[in-house]
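One-letter residues, chain by chain:
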Amino acid sequence: MIGLLSYAVFFSTVASILAIAVLGLNLQWGFTGLFNGGVVAFFGAGAYGTLILGGTPQADHLGGFGLIYPLALAGGAVAAGLLAWVVGVLTLRLRQDYLAIATFGIAVTFENVMRNAEALSGGAKGFRGFERPLRGLFGDGFAYNLFFFCLVLLLLVAVYLFLERLVRSPFGRLLRAIREDEDAARSLGKAPARVRLVSFITGSAIIGIAGGLYATFYAFVSPQDVLPTLTFQIWAMLIVGGAGNNRGAVFGAFLIWGAWTASGWALSRFAPVEAQLYTGSIQYILIGSIIVAMLLWRPQGLLPERLVLSQSGQPVKPRQQGA
Amino acid sequence: MDDIVLRAEGVVSGYVPDLPILKGVDMAVRRASVTVIIGPNGAGKSTLVKTIAGLVPLSAGHIAHDGVEIGGIRPDRLAAQGIAYVPQMDNIFRTLTIRQNLDLALRHAGADAAARLEELYTRFPPLAEKRNDRAGALSGGQRQFLAVAMALATRPSLILMDEPSAGLSPKAAQEVLECARGLTAQGVTILLVEQNVKQALRLADHCYILAEGRNQLDGSAADLLSDPVVGEIYLGARRKGAA
Amino acid sequence: MIQNLADGILVGSVLSLGAIGLTLVMHMLRFANFSHAELLSIGAYAALVFDGVFAAILPPLADRIGPLSMTWALVLALVVAVAVTGASALVIDRLVFRRVRAKGSELSMVFASFGVAMIVRNVTGLVFGLGTQLYSKDIVFAVVVSRDPMLLIKPDQVFVLVATLLVMVALHLVLSRTTLGFALRAVAENPVLAQVNGVNLARMIALVWVVGGGLAAIAGVFYGLTNQISPMIGRDLVLPVFAATIVGGIGSVYGAALGGFIVGIAANVALAVLPSGYSPSVPFLIILAVLLVRPNGLFGEARA
């Protein structure tokens, strides 16, 4: 029984951390229409940033600033935000798929640099030497996991409430206005590129927080944690849950993470030994198929965005060409 | 043969199914005439010619060309029906040369292509002169002539033109409109949308006035030109609009 | 250094062929297709399969051509691979992209292409195994062109470069001399106007997929011939191929051709300075540099 409960806490912790990342992506894609093809770079920046800032001194790589945990986590978020600023400034005024390509590129590059720059990141062996916060109080067992789950849940709720308020604020309405009709928004004297940049950086910082929590949970991060696959999983969570709906984003995170771990378990349990090498391939095919199927048959996701009514009471229509 | 080349009845169309821009427009265009469509901004003038050209979905009503129903036609089949459409503004391929633009338009002319190309060069000498230049380098007026030449390449019986004088100098605009007028002498029918109301009415045979997606008034161009109400609304409004 | 340059030109020819197809698709269908590089992989494996088939049917075909490691069987297999890959591109469009296009935005297409890439890459891995394979196990020795500076070139590399240039010339002739080429360029510039000028849009889109797939197949086989074949070809080439299209300017065929060589050369010359582990990062640095200096690429036009 305690084993099951222990697993439930473990599963929910990871799913909640991913849900925070999905919420960050939802701000970018669901509410602003920005395609972040390199979610994992910002996740990774948060993860490495948190561990470098909060870790104990190490002989073979950077780190050991030993900042108190909240500052380290915030530092990780700032690192993710800075990365987003660089990419955003260069691409947000160009045609939209440049952002997709550039973010994809930065994710590949981030993983590549973390793998090679041993003095910075510990290289392929990963980054060690991080003491989890309040370990002295809760130890290493179930009690700690329960504490950490509560912390993650608290942050998930905080991020959720923050985003719900944000999207209902004038800024949130501006985001949707720009997503639907950039020219109209510009004619109202708003600078779309600037607003998009703010949204992109904020979303990336939230993804960075998720990365920081993830690395804290394992007290370790390596290039294996920042492979492009993670970008893909987080996207699947958003698309399945419903872009533009924060509840959908959280729901999708739990659903897809559940499906992912369940399929992994089922394959390792029931697939013949000689096929074990290919379980990863099978899982990727499954998740790729889920995404394509969603786009084809239910692009709005399981919990769609609620239509926003314009002042005339007419549902806001997507932009059409010409007149 | 029926004297009416194009007949539209109860045309309802728009970009979004439940938000029609045209709410039931009727029209009859006589052979070898110039018919002009005028009306205030948002009246649906461009939408009407685009609907005829198959570029805006027709949700109700009929459009017939020479007695053949063409409502909802695929735009690339227009030429086969003897119709050409000259869009407003971007109506030539800037990255192709003039020769390549014309070759493209003559793609389905088969063995006749070379003769027709010479014919078009004869009709529009400036195009012949610059045949190997990129079309993007042409002046506004010359672009319109190239667009008209491309339309003529398929030997259409009906040419739809969407504001051919937009963005042109008054002199160039006059030349383009006169060129359109001249085509009627060879039996070609012209249906055009114009903002340049006074100029267009002087040149046209017949005129339709649209407002809010419906027919408002139609009659011979000469009558409308001398109609005091039309004069006040459109010719006066035009002066203000030009400012 | 000179060796890096030579190797870069070679990699560049593969990237160019990939980038030409990608730039056509990106320009005409207006989405960044992250699954384009998987077409190189499909082409490489299709040729591997048919190379075996032809060599088995008619053993003399398995003889090497002159100093190349290439055999006549592989030449025939390349032709079949072009057809198979073009058809695959068309089928993927019918099954996925065309349907998403009908209901979604351009960015949904980008996302769908991520999904397609994931599926194709992993199905390839399942079918052909995750290991690497070669067209020929014969070792072809490189020719020493110069000893100081050291320059080694394999006959295969010369063949690949010459064949790439020939393909490009052929494509150039089609685009600049035939009305079919004009129609393709017309659709790329202004699809609505192309339609009212009698161009069948659906047919042109199909043609672009077939051409893009065919060029990708050639690129994939050349990559397999000079490196090795693995299911990760797509993963490893997707970013360099994107970099090549951005350097050249999205929509410019000539830009993509040149961009491929620039990225190939830059990535290899950079290895003279950087530790080799960093080579996957070079395309991104090139993209950043282009976006900073000339966002629309060498030949691209600004467009929304």
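Right above here is the structure, for reference.
Residues numbered from 1 in each chain as written. Chains lettered and ligands numbered in written order. Predicted model: local features only at pLDDT ≥ 70, side-chain atom pairs only at ≥ 80, totals over all residues. Heavy atoms only, no water.

(A) Looking closely at the overall build of chain B. Across its full length, chain B holds nine helices and ten strands. Over its C-alpha trace chain B gives a radius of gyration of 18 Å, about what one expects of a compact globule, namely 18 Å for 243 residues. Oriented by its inertia axes, the alpha-carbon framework of chain B measures out at about 50 × 40 × 35 Å. Buried positions account for 53% of the 243 residues belonging to chain B. Relative to all contacts within chain B whose residues are 6 or more apart in sequence, the contacts with residues 24 or more apart total 67%. On chain B, roughly 10,500 Å² of surface is accessible, and the fraction owed to carbon and sulfur atoms is 51%. (Helix = DSSP H or I, 4+ residues; strand = E, 2+ residues; numbered from the N terminus. Rg over C-alpha atoms; globule rule 2.2 N^0.38 Å. Buried < 20%, exposed > 50% of the residue type's maximum accessible area, 1.4 Å probe, protein only. Contact = heavy atoms within 4.5 Å. Areas by Shrake-Rupley, 256 points an atom, 1.4 Å probe, with all protein chains shown as cover.)

(B) Region of the structure containing the nonpolar core. Core analysis: the biggest nonpolar cluster contains 275 residues, and Ile 159 and Leu 191 of chain B together with Phe 34 of chain C have the highest contact counts within it. Considering every element that reaches this core, the biggest residue donor is helix 1 (residues 2-30) of chain A, with 13 residues. Setting aside residues up to four positions removed in sequence, Phe 34 of chain C forms contacts with Ala 100, Ile 101 and Phe 104 of chain A together with Val 110, Ser 113, Phe 114, Ala 117, Val 238 and Phe 242 of chain C. (Core = buried A, V, L, I, M, F, W, Y, C linked by side-chain atoms within 4.5 Å.)

(C) A positive patch on the surface, seen in detail. Together, Arg 94, Arg 98, Arg 99 and Lys 103 of chain C make up a positively charged patch on the protein surface. Its location among the elements puts Arg 99 of chain C in helix 3 (residues 72-103). (Patch = residues over 30% accessible without salt bridge, like charges linked within 9 Å, V, L, I, M, F, W, Y side chains within 5 Å. Salt bridge = Lys/Arg side-chain N within 4 Å of Asp/Glu carboxyl O. Lys, Arg positive; Asp, Glu negative; His and termini not counted. Charge placed at Lys NZ, Arg CZ, Asp CG, Glu CD.)

(D) Region of interest: the interface of chain C and chain B. Each side of the interface is counted separately: chain C has 20 residues, and chain B has 20 residues. Summed over both sides, the interface of chain C with chain B buries roughly 1,900 Å², with 57% coming from carbon and sulfur. Seen at the junction of chain C and chain B, the total is one salt bridge. Taking the shortest distance from any N to any O, the salt bridge between Glu 189 of chain C and Arg 94 of chain B comes out at 3.7 Å. Applying the counting rule to chain C against chain B returns six residue pairs in polar contact (both at pLDDT 80 or more). Those elements that place two or more of their residues in the side of chain C that touches chain B are helix 6 (179-189) and helix 7 (191-196) of chain C. It is helix 6 of chain C that provides the largest number of residues to the side of chain C that touches chain B, a total of seven residues. By residue class, the composition of the side of chain C that touches chain B is ten nonpolar, seven polar and three charged. (Buried area = accessible area lost by both parts, 1.4 Å probe. Polar contact = N/O pair within 3.5 Å; in protein donor to acceptor, adjacent residues only side chain to side chain. Nonpolar A, V, L, I, M, F, W, Y, C, P; charged D, E, K, R; others polar.)

(E) Quick look at the interface of chain A and chain C. Between chain A and chain C, the contact holds 43 residues from the first and 44 residues from the second. A buried area of about 3,900 Å², summed over both sides, lies between chain A and chain C, and 78% of it is on carbon and sulfur atoms. Looking only at chain A, the three residues that lose the most surface to chain C are Arg 95, Tyr 98 and Ile 101 of chain A, adding up to 18% of its buried area. Along the contact surface separating chain A from chain C lie zero salt bridges. Here chain A is connected to chain C by six residue pairs in polar contact (both at pLDDT 80 or more). Within the residue set of the side of chain A that touches chain C, elements represented by two or more residues are helix 3 (69-91), helix 4 (97-116), helix 11 (228-241) and helix 13 (279-297) of chain A.

(F) Structural detail: empty space enclosed by the protein. Taken as a whole and judged by the stated rule, the model has three cavities of 30 Å³ or more. Reported here for the largest cavity is a volume of approximately 110 Å³. Forming the boundary of the largest cavity are 15 residues, of which Tyr 85, Met 150 and Ala 151 of chain B together with Val 196 and Asn 197 of chain C lie nearest the centre. Listed by contribution, the elements that provide at least two residues to the lining of the largest cavity are strand 6 (83-86) and helix 5 (140-152) of chain B together with helix 7 of chain C. At four residues, strand 6 of chain B tops the list of elements feeding residues into the lining of the largest cavity. In the lining of the largest cavity, the residues fall into eleven nonpolar, four polar and no charged. Quantified by volume, the second largest cavity comes out at close to 70 Å³. If you trace the second largest cavity, you find it lined by Gly 33, Leu 34, Phe 35, Thr 91, Leu 92, Leu 94, Arg 95, Gln 96, Leu 99 and Arg 196 of chain A together with Leu 107 of chain C. (1 Å grid on protein atoms, 1.4 Å probe; cavity = no way out; pocket = protein on both sides within 12 Å on 5 of 7 lines; lining within 4 Å. Points joined across faces, edges and corners; volume = space filled by probe spheres on them.)

(G) Geometry of the sheet that holds strand 9 (residues 206-211) of chain B. All names here are of chain B. Taken in spatial order, the six strands of this open sheet run 6-7-8-3-9-10, and their pairing is mixed. Strand pairing shows two members of the sheet lacking a second neighbour, strand 6 and strand 10 (214-220), which therefore form its edges. If you compare each strand with its neighbour and ignore which way they point, the axes differ by 15° on average. Pairing analysis gives four bridges linking strand 6 to strand 7 (residues 158-162), with the strands arranged parallel. Bridge pairing links Tyr 85 to Leu 160 in strand 7. Against the sheet, helix 5 touches strand 6 and strand 7, its axis set at about 165° to strand 6. Against the sheet, helix 6 (residues 170-183) contacts strand 3 (34-38), strand 7 and strand 8 (189-193), and its axis sits at roughly 150° relative to strand 8. (Pairing = 2+ DSSP bridges. Axes fitted to C-alpha atoms, helices over the stretch in contact; angles between N-to-C directions.)

(H) Quick look at the side chain of Asp 162 of chain B. Inspection of the secondary structure assignment puts Asp 162 of chain B in strand 7. Here the side chain of Asp 162 of chain B touches Ser 46 of chain B through a polar contact of 3.0 Å, side chain to side chain.

(I) Broad picture of the sheet that holds strand 4 (residues 58-65) of chain B. All names here are of chain B. Read across the sheet, four strands follow the order 2-1-4-5 without closing on themselves; strand pairing throughout is antiparallel. Of all the strands in the sheet, the pair left with one neighbour each is strand 2 (22-30) and strand 5 (68-69). As paired strands, strand 1 (residues 4-13) and strand 4 are joined by six bridges and run antiparallel to one another. Considered in strand 4, the bridge of Leu 6 is made with His 65. Along the sheet, helix 1 (residues 45-52) contacts strand 1, strand 2 and strand 4; its crossing angle with strand 2, the most-contacted strand, is approximately 70°.

(J) Broad picture of the packing of aromatic side chains. Applying the stated rule across the entire model yields 31 aromatic pairs over all chains. Ring geometry for Tyr 144 of chain A against Phe 148 of chain A: centres 6.3 Å apart, planes inclined by 15°, an arrangement best described as stacked. Here Tyr 144 of chain A and its partner Phe 148 of chain A are both found in helix 7 (residues 142-168), four residues apart, which amounts to about one turn of the helix. Like Tyr 144 of chain A, the residue Phe 148 of chain A is buried in the burial classification. Between the aromatic rings of Phe 31 of chain C and Phe 97 of chain C, the centroid separation amounts to 5.1 Å while the plane-to-plane angle is 50°, which identifies the pairing as tilted. Taken together, the residues span a long stretch of sequence, with Phe 31 of chain C in the loop between helix 1 (2-29) and helix 2 (36-57) and Phe 97 of chain C in helix 3 at a distance of 66 residues. Note on Phe 31 of chain C: relative accessible area 0%, which makes it buried. (Phe/Tyr/Trp six-rings, centres within 6.5 Å; stacked < 30°, edge-to-face > 60°.)

(K) Quick look at helix 6 of chain C. For helix 6 of chain C, a buried count of eight out of eleven residues is recorded, marking the element as mostly surrounded by other parts of the structure. For helix 6 of chain C, every residue scored as buried is listed here: Gly 181, Phe 182, Ala 183, Leu 184, Ala 186, Val 187, Ala 188 and Glu 189 of chain C. The elements touched by buried residues of helix 6 of chain C are helix 2 (98-105) of chain B together with helix 1, helix 5 (155-177), helix 7 and helix 8 (201-226) of chain C.

(L) The layout of surface pockets, seen in detail. Reported here for the second largest pocket is a volume of approximately 1,600 Å³. Around the second largest pocket, the lining comprises 47 residues; the ones closest to its centre are Met 232, Arg 235, Asp 236, Leu 237 and Pro 280 of chain C. Listed by contribution, the elements that provide at least two residues to the lining of the second largest pocket are helix 4, helix 11 and helix 13 of chain A together with helix 1, helix 4 (106-128), helix 8, helix 9 (233-248) and helix 10 (253-270) of chain C. When grouped by side-chain class, the residues that make up the lining of the second largest pocket number 27 nonpolar, 14 polar and six charged.

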